[in-house]
Protein chains: 2
Amino acid sequence: MSFDTLLTRSESWLPVSPDSHFGLDNIPFGIISTRSDRTPRPAVAIGAKALDLAVFAANGGFSSLPQFTETTVFTTETSLNAFAALGRKKHTAVRYYLQEVLEINTQYPQKLKTNVALQSICLHDLTDVRMHLPLQIGNYTDFYAGKNHAYNVGVLFRGPENALQPNYEHMPIGYHGRASSVVVSGTTIRRPRGQILEDPKAAVRKSIFTATKQLDYELELAVFVARNTKIGESVDVNEAAEFLFGVVLMNDWSARDIQGWEYVPLGPFTSKSFATSISPWVVLIEALEPFRAIPLPRTTDIPLHPYLQEREQYNVYNIDLSISLSTPCGATHTLSKTSSSNLLYSFPQLLAHHSITGCPLRTGDLLGTGTISGTDAESLGSLLEVTKNGTSSLVLQDDGERVFLEDGDEVIMEGYCGRGVGFGSVSGLVLPAWTDTDTGRVAKVS
Amino acid sequence: MSFDTLLTRSESWLPVSPDSHFGLDNIPFGIISTRSDRTPRPAVAIGAKALDLAVFAANGGFSSLPQFTETTVFTTETSLNAFAALGRKKHTAVRYYLQEVLEINTQYPQKLKTNVALQSICLHDLTDVRMHLPLQIGNYTDFYAGKNHAYNVGVLFRGPENALQPNYEHMPIGYHGRASSVVVSGTTIRRPRGQILEDPKAAVRKSIFTATKQLDYELELAVFVARNTKIGESVDVNEAAEFLFGVVLMNDWSARDIQGWEYVPLGPFTSKSFATSISPWVVLIEALEPFRAIPLPRTTDIPLHPYLQEREQYNVYNIDLSISLSTPCGATHTLSKTSSSNLLYSFPQLLAHHSITGCPLRTGDLLGTGTISGTDAESLGSLLEVTKNGTSSLVLQDDGERVFLEDGDEVIMEGYCGRGVGFGSVSGLVLPAWTDTDTGRVAKVS
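Residues numbered from 1 in each chain as written. Chains lettered and ligands numbered in written order. Predicted model: local features only at pLDDT ≥ 70, side-chain atom pairs only at ≥ 80, totals over all residues. Heavy atoms only, no water.

The name recorded for chain A in an unreviewed UniProt entry is Fumarylacetoacetase, from Discina gigas. Quoted verbatim from the Catalytic activity (unreviewed entry) field of the UniProt record, the comment on chain A reads "4-fumarylacetoacetate + H2O = acetoacetate + fumarate + H(+)". Under the UniProt heading Pathway (unreviewed entry), the entry covering chain A gives this text: "Amino-acid degradation; L-phenylalanine degradation; acetoacetate and fumarate from L-phenylalanine: step 6/6." (UniProt positions renumbered as here; feature names shortened; annotations may be inferred.)

A. How the structure looks around helix H7 (residues 147–158) of chain B. All names here are of chain B. The end-to-end C-alpha separation of H7 is 15 Å, in line with the 16 Å expected for 12 residues at 1.5 Å each. Packed against the buried residues of H7 are helix H11 (383–386). Within two residues after H7, glycine 159 carries a phi angle of roughly 85°, on the positive side. (Helix = DSSP H or I, 4+ residues; strand = E, 2+ residues; numbered from the N terminus. Expected span 1.5 Å × (residues − 1). Contact = heavy atoms within 4.5 Å.)

B. Highlighting the sheet that holds strand S25 (residues 410–418) of chain A. Residue and element names in this part refer to chain A. Spatial strand order, S9-S26-S25-S20-S21: 5 strands in an open sheet with mixed pairing. Pairing within the sheet leaves two strands with one partner each, and these edge strands are strand S9 (189–190) and strand S21 (332–339). Two strands pair when backbone bridges link them, and strand S20 (residues 320–326) and S21 are joined in this way by 7 bridges, in the antiparallel orientation. Bridge pairing in S21 places aspartate 320 opposite serine 339. (Pairing = 2+ DSSP bridges.)

C. Representation of the packing of aromatic side chains in the model. All names here are of chain B. For the structure shown, the criterion picks out 30 aromatic pairs over all chains. Taking 5.0 Å as the distance between ring centres and 50° as the angle between the ring planes, the aromatic pair formed by phenylalanine 74 and phenylalanine 83 counts as tilted. Exposure class is identical for phenylalanine 74 and phenylalanine 83. Each is buried. Between tyrosine 317 and phenylalanine 347, the ring centres sit 6.3 Å apart and the planes meet at 45°, which makes this aromatic pair tilted. Of the two residues, tyrosine 317 sits in strand S19 (residues 316–317) while phenylalanine 347 sits in helix H10 (residues 347–354), which places them 30 residues apart along the sequence. You can call tyrosine 317 buried: its relative accessible area is 7%. Classification of phenylalanine 347 as buried rests on a relative accessible area of 5%. (Phe/Tyr/Trp six-rings, centres within 6.5 Å; stacked < 30°, edge-to-face > 60°. Buried < 20%, exposed > 50% of the residue type's maximum accessible area, 1.4 Å probe, protein only.)

D. A look at the UniProt feature "domain: Fumarylacetoacetase-like C-terminal" (unreviewed entry) in chain A. As annotated by UniProt and renumbered to match this structure, "domain: Fumarylacetoacetase-like C-terminal" (unreviewed entry) occupies residues 141–415 of chain A. What you have in residues 141–415 of chain A is 13% helix and 28% strand, and the ends, taken at the C-alpha atoms, are 21 Å apart.

E. Highlighting the relation of the copies chain A and chain B. Structural alignment of chain A on chain B gives an RMSD of 0.0 Å, achieved by rotating through 180° and translating 0.0 Å along the axis. Here the two chains are linked by the operation of a two-fold rotation axis. Among all residues of chain A, the one whose C-alpha sits closest to the rotation axis is Gly267(A), at a distance of 2.3 Å. Here 99% of the interface residues in chain A have copies in chain B that are interface residues too; the copies meet face to matching face. (Least-squares fit on C-alpha atoms with pLDDT ≥ 70 in both.)

F. How the structure looks around the sheet that holds strand S26 (residues 421–431) of chain B. Residue and element names in this part refer to chain B. Pairing is mixed across the open sheet formed by 5 strands, whose spatial order is S9-S26-S25-S20-S21. Here the strands that pair on one side only, and so sit at the sheet edges, are strand S9 (189–190) and strand S21 (332–339). Here 8 bridges tie strand S25 (residues 410–418) to S26, and the two strands are oriented antiparallel to one another. Opposite methionine 413, over in S26, you have valine 426 as the bridge partner.

And the structure:
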């Protein structure tokens, strides 16, 4: 679909408020269930409604799109994996067709606009649906492509001279994350317990077992992989977009004190794998096309290796991102505003690098960008940066202060591109750590 | 099943050679297919035969085990996940029953021993079956519990004074690996290409793009998780064995030069995720009971945190492990002989630590021990240690020498406990890297 086509499309026969993230130019995909039907099933969001694709497809909703013969991806599947695996052309065709159906001057009025009976069973208020993980996530990888974040953290731990590691501008740094702990927005986050270093200055390094005292968030974008590759194959950076499905917001919760003690020499482990939250609606790569932007500049003269060189420079996105904190007092504070253009590498580059040694990619794999920060104090993607590793505090207007997150805090991240294309939000409420007398904390053998 | 029960059981009516790894005391589970039926399906190995559990179950093979009502885990499943998810009691009951059926004085002769017609369709020569990955692996985690290996590598990079990191004796160090690149024994290994540091001594650190020059193996054991836990729950170290299914040998192929350039600060990534090979037959935890051993001693006075303290000390295993190299000349050289008792942490401790912050475990998760090395030069689990990071070479009798692996090398690892209980082998042949003109290396958009 071309940029021009998107511009001409503007209004739906369904009411869409001007500040909605789910306008006709978006059509994000998710997995819903309702009180009357608890089976998770695919849907798209439009305005304040979810269009239930299982019901829509079962009632001939796609009969005017004859090339889409795979409607079982909506009628029988409980995740979007099967739809994602159909590939970019099908995603584009289905999204375009749904835009046609929902447009005010639709050429298919009988499909839904004038079919009040079908509307009554396939349109749900967003406030009435429960959202589930949109895809079954086979593998989750988190990168470190937010250059300002990498620099800020580097300054904290190594000083400004050596802030970025020598490899940083030559390849996307990343690590394998934990797929099983990725949860959908709204899932509560239990404050983790683990080992932390008692006194970093003591001669004998001794750890204590405790609830983390440094619970943090990380603002990220993440992309879902659409297509499998075979082991030994690499993805061409200029073909990589064909292997992508869509994008979500991500909060990669982190326990900084547990991380500090465990991460040498193999990287973050249990300090991250207790929870990673994602927004429930997947914005297709197609929908983001009009918002492409240029990545951050490299500072080295050494060119990238050819496998990372893109023909097209506009491969990151201009998405306005924000982080808010809702405290137990009921007040909500904006902690940060930044843009997703603060990345050194694009999704195609992440995919090309991930597969360069032959690692097979799988439908449903999730690739995070790493924390996204701007350059000034109001645009930081983690409390680690805001409070300079806990050495200062963040004053919340008339509501105390924070060094790291406290129990009862809810972190809300939002992303909006413009013209009704947005991500909604990803949120999570921090629950107190288990105490030793809580039995719920121990996994039971049944 | 008690140790004594195992000792009294000795002979099958099927021929089992004295050096077989698959005696009556073992009964390992795997996934097979045959030329006449290409559907992957569960089986057990006995002597030189695979007993096809799909066919056995479909023909009433389990009708004398009435409490085993879940025979569809064998008749309809293409992996062992559903069987594993039934839990330890069921694994024990099914294994014990199969031992009864296969014992020379079986009380159920009509089940198989005298049923020649059934034998003809459910017993296959092991040489005729194709082995598949035994479980669908949701998440793969690799630990670093081989203390001698950690020490040896520490000496190479930091000297003997600081060989082990301060955290090493206080928790199992581990990292999230890549589930999609775990392959079954016999899968060929394409030499990976990637970035390596051109000259570690140069002032400006510059990478070149090349096939790895430092392809290595790592000798490990790995355990499959049987049962799911919920997010936020931890596994009690003294209950952890109930969450385990069985054990395989593992070769965690590594590209040392790619690893050296990429791993700061987030750990190994593409240098590992090109391939990890496992042996095809899963030896159940039950079968390993008679071979329990004491882990390596800790050297610190500081006790382990309670969540890692085991009531029972005998929680690692005495498994004789060996590494052989079959070269393009056709000669086979033994490179190493060691024991799996060279671990500082047990599988229950790995599980307890993995879940301590609340990370959910899933049926089919694979947890590697990390490289297992002994203390002398003939017992090392990686070439990194044998050749001291490539500074010396390994002389192969009348067959040249090796610093790291060469194209055409086949690495074969074996593990044997005793009394007919063994793992068979995990092997992999190294293929040359793709060249720029090979088109097969690029993933195709279909």
